[in-house]
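# Summary of the model geometry
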Amino acid sequence: MSHVVGLDVGGTKIAAGVLDPEGRVVARMLAPTPAADPPALRSAIVDMVEELRRAHEVDAIGMSAAGFVRVDRRGVMFGPNLDYGVEPIGDALADTLGLPVVVENDGNAAAWAEHRFGAGQGVADQLMVVLGTGVGGGLILDGRVYRGGHGLAAEIGHLGLVPEGIPCPCGRRGCLEQYASGSALERDARARAADGGAPALVEAAGGDAHAVTGRMVTELAKAGDQEAIALVHELAEALALGIATIHAVLHPPLVVIGGGLGSAGEVVLAPLRAALAAALGDVHRGVPEVRGAQLGNDAGLIGAADLARHAPVTR
Ligand SMILES: [Zn+2]
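The rules behind the values
Residues numbered from 1 in each chain as written. Predicted model: local features only at pLDDT ≥ 70, side-chain atom pairs only at ≥ 80, totals over all residues. Heavy atoms only, no water. Donors = N, O, S within 2.8 Å, 3.2 Å for Na, K, Ca; no water. Tetrahedral: all angles 85-135°; square planar, octahedral: opposite > 155°, others 65-115°. Helix = DSSP H or I, 4+ residues; strand = E, 2+ residues; numbered from the N terminus. Buried < 20%, exposed > 50% of the residue type's maximum accessible area, 1.4 Å probe, protein only. Pairing = 2+ DSSP bridges. Axes fitted to C-alpha atoms, helices over the stretch in contact; angles between N-to-C directions. Lys, Arg positive; Asp, Glu negative; His and termini not counted. Salt bridge = Lys/Arg side-chain N within 4 Å of Asp/Glu carboxyl O. Polar contact = N/O pair within 3.5 Å; in protein donor to acceptor, adjacent residues only side chain to side chain. Expected span 1.5 Å × (residues − 1). Contact = heavy atoms within 4.5 Å.

Next up on the list: the coordination of the zinc ion. Of the protein atoms, only His158 (ND1), Cys168 (SG), Cys170 (SG) and Cys175 (SG) coordinate the zinc ion, at distances of 2.0 to 2.3 Å. Coordination geometry of the zinc ion: the 4 donor atoms subtend angles of 106 to 117° at the metal centre, consistent with an arrangement described as tetrahedral. One chain supplies every donor to the zinc ion, and in sequence these donors are spaced H-x9-C-x1-C-x4-C. In this pair, histidine 158 sits in the loop between β10 (144-145) and α4 (182-194) while cysteine 168 sits in the loop between β10 and α4, placing the two residues 10 residues apart along the sequence. For histidine 158, a relative accessible area of 24% gives the class partly exposed. Residue classification places cysteine 168 among the buried residues on the basis of a relative accessible area of 8%.

Shown next, in the form of structure tokens:
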């Protein structure tokens, strides 16, 4: 087996890497994303792949994208942060580069990467939760990525959590990511800081309650600040309710927590384990193990590349 290229296309930058058969990234590149110009986006990606191909023989390309990925994995139907154009981007890249291209949702790609090479190795059924600005997800069931009938499975950020709750940009109210994401944490922390309920946070933000960030909250929680700990616990309780709902349907023995908040480590994971045990209540249900993701920002790139290697989509 030779090498494959993985791409992680985000709203501001494109990360590209060459993956060897053991899942190691042996070369990488970074470029800004032309977010509003589909032809420029395609040529930026083509240029990166051509550059990486000069030094490595490449068999396939996997692309991780935030958004609704077509069930045939040839393109993105809708991306919240960038315009992919009308023609499926996977087809366009395949035609230009002469290689099979697989497009995968970023949560699914990250879940696959952790299953193959990271925190979830050897576990056939697992839920991945990507705790970033929003909440992404991926499901590995029976050792495969579960996409659902239209390819949009595991959009767990939009799990209905609170009836008539906080409006979500997706059009519904009370979605999980309005309560258990980096942006929710930041919103709540700023509100508490502005109310005078979190003096240490205001101090960390240089006196400006509206400059408080999620990272400040997790750092202060690690240092033992009670208000910051309370904010993280509220997030953990909301997330645990969402995971408990998924658990009732799918019963995954493992939940892998990634994204920026996941990388904060035990300060988030420990209260999540406690909240999940409380949410699931009785011992007979079994509480899934909660582990931090291991592959960090590379997960999307690695997962997409490995999926392209094992299940290429040919034109
Ligand atoms: Zn929503």
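Sheet architecture is open: 5 strands sit in the order β3-β2-β1-β4-β7, paired in mixed fashion. Lying at the two open borders of the sheet, with one neighbouring strand each, are β3 (25-32) and β7 (101-105). Within the sheet, the average angular offset between the axes of one strand and its neighbour, ignoring direction, is 20°. Pairing of strand β2 (residues 13-19) with β3, which is carried by 7 bridges, proceeds in the antiparallel orientation. Within β3, the residue paired with leucine 19 across the bridge is valine 25.

The topology assignment puts arginine 309 in helix α10 (residues 299-310). Despite being buried, arginine 309 has no salt bridge partner; aspartate 306 is the closest side chain of opposite charge, sitting 4.1 Å away. Looking at arginine 309, its side chain comes within polar contact range of the main-chain oxygen of leucine 19, at 3.4 Å. For arginine 309, the side chain forms a polar contact with the main-chain oxygen of aspartate 20, separated by 3.3 Å.

Turning our eyes to something else, we now look at helix α2 (residues 89-97). Within α2, 7 of the 9 residues are buried, which leaves it mostly tucked inside the rest of the structure. Among all positions in α2, only Ile89, Gly90, Asp91, Ala92, Leu93, Ala94 and Leu97 are buried. Backbone geometry just downstream of α2 places glycine 98 in the positive-phi region, at approximately 70°.

We now examine helix α1 (residues 38-55). When the terminal C-alpha atoms of α1 are compared, their 27 Å separation across 18 residues agrees well with the 26 Å that a helix rising 1.5 Å per residue should span. Within the span of α1, buried status applies to Pro38, Leu41, Ala44, Ile45, Val46, Met48, Val49 and Leu52. Considering only its buried residues, α1 is in contact with β1 (3-9), β2, β3, β4 (58-65) and α2.

Right, let's get into the pattern of salt bridges. Scanning the model with the defined rule gives 15 salt bridges in all. Its salt-bridge partner being aspartate 91, residue arginine 74 comes within 3.1 Å of it at the nearest N-O pair. In this pair, arginine 74 is assigned in the loop between β5 (68-69) and β6 (76-78) and aspartate 91 in helix α2, connecting sequence segments 17 residues apart. For the residue pair arginine 74 and aspartate 91, the accessibility class agrees, reading buried in each case. One salt bridge in this structure joins glutamate 289 and arginine 291, with 2.9 Å as the shortest N-O distance.

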